[in-house]
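Observations on the three-dimensional arrangement
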Amino acid sequence: MDRMPINVVVFGSIPEAILVISLGLILIGMRPPFRKIVVAAIIQGVAAYYIRKNVGFGLHILLQYITMCILVWLIIRMPICLSLLGVLIGVTITSLIEGTMVLIIPKLIGVSLAEIMSRSWLRVALFLPHLCILSILVYLCLKHNFTLEDEIGILRIKKK
């Protein structure tokens, strides 16, 4: 079980949830109101705090994915299939970026991952590179109107 400090929730989990939801939905061709994304992300940040506090490592990832899908479905009003797919795409891209950063950053700064996780502001700093990369991806997808709609046939069926 992970003890996640409040500053990590506010400056890490909530911005990450905003970007995960945004990127995933943009990539499936959806552009819901940003205000609804923020509301879902705040609730997701609170849920992540309690999930990580009470659930063991590994299972917390599945539970956070499920809660994020439910929030996108209920708050953003996406059909459940699109909610599942959009969040899955966002979570997958985020996991790849975050996994890479978690391997690289401790070596670059010469601090162990265990120490980073035990110091809340250092932990927040660990979020920054992958949040920046996710922000750039969201921006580029929006700027260039990039989606995966043509690659994902189920979207054509669900949007009709």
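Procedures and definitions
- Residues numbered from 1 in each chain as written.
- Predicted model: local features only at pLDDT ≥ 70, side-chain atom pairs only at ≥ 80, totals over all residues.
- Heavy atoms only, no water.
- Helix = DSSP H or I, 4+ residues; strand = E, 2+ residues; numbered from the N terminus.
- Rg over C-alpha atoms; globule rule 2.2 N^0.38 Å.
- Buried < 20%, exposed > 50% of the residue type's maximum accessible area, 1.4 Å probe, protein only.
- Contact = heavy atoms within 4.5 Å.
- Areas by Shrake-Rupley, 256 points an atom, 1.4 Å probe, with all protein chains shown as cover.
- Core = buried A, V, L, I, M, F, W, Y, C linked by side-chain atoms within 4.5 Å.
- Axes fitted to C-alpha atoms, helices over the stretch in contact; angles between N-to-C directions.
- Left-handed = near helix turned anticlockwise from the far one by under 90°.
- Nonpolar A, V, L, I, M, F, W, Y, C, P; charged D, E, K, R; others polar.
- Phe/Tyr/Trp six-rings, centres within 6.5 Å; stacked < 30°, edge-to-face > 60°.

Considerations on the overall build of the protein chain
Of the regular secondary structure elements, the protein chain holds seven helices and zero strands. When the helices and strands of the protein chain are placed in sequence order, the string is α-α-α-α-α-α-α. For 160 residues, the compact-globule formula gives about 15 Å, and the C-alpha radius of gyration of the protein chain, at 16 Å, lands near that figure. If one aligns the C-alpha atoms of the protein chain with their principal axes, the spans along those axes are about 50 × 30 × 25 Å. By the burial criterion, 41% of the 160 residues in the protein chain qualify as buried. Here the analysis covers contacts within the protein chain between residues at least 6 apart in sequence; of these, 73% occur between residues at least 24 apart. Taken as a whole, the protein chain presents about 8,900 Å² of accessible surface, with 70% of it coming from carbon and sulfur.

Quick word on the nonpolar core
In this structure, Ile 21, Leu 25, Ile 28, Val 72 and Ile 76 are the most contacted members of the largest nonpolar core, which totals 43 residues. Elements with a contribution of two residues or more to this core: helix H1 (6–27), helix H2 (34–54), helix H3 (59–75), helix H4 (80–109) and helix H6 (120–143). With residues up to four places along the chain from it excluded, the contact list for Ile 21 reads Ile 37, Ala 40, Ala 41, Met 68, Val 72 and Ile 76.

Brief notes about the packing of H4 against H6
Two elements in contact, H4 and H6, have axes whose closest approach is 9 Å; the angle formed by their N-to-C orientations is 145°. Note that H4 runs across H6; the crossing there is right-handed. Each of Ile 93, Thr 94, Ile 97, Glu 98, Met 101, Val 102 and Ile 105 in H4 lies in contact with H6, whose residues at this interface are Leu 126, Pro 129, His 130, Ile 133, Leu 134 and Leu 137. In terms of residue class, the contact of H4 with H6 is made up of ten nonpolar, two polar and one charged.

Brief notes about the packing of aromatic side chains
Applying the stated criterion across every chain yields a total of two aromatic pairs. Taking the centre distance of 5.6 Å and the plane angle of 40° together, the rings of Phe 11 and Trp 121 count as tilted. Here the residue Phe 11 occupies a position in helix H1, and Trp 121 occupies one in helix H6, the gap between them amounting to 110 residues. You can call Phe 11 partly exposed: its relative accessible area is 42%. Plain terms: the ring middles of Tyr 49 and Tyr 50 are 5.0 Å apart, the flat faces sit at 85° to each other, and that makes the pair edge-to-face.

Describing unusual backbone geometry
Although it is not a glycine, Arg 77 sits at a positive phi angle of roughly 65°. Among the secondary structure elements, Arg 77 is positioned in the loop between H3 and H4. Look at Arg 77 and you get exposed, because its relative accessible area is 62%. A positive phi is found at Asn 145, a non-glycine position, where the angle reads about 50°. Mapped onto the elements, Asn 145 comes out in the loop between H6 and helix H7 (153–159). Overall, Asn 145 belongs to the exposed group, its relative accessible area being 55%.

Keep in mind these numbers describe shape, not what the thing actually does.
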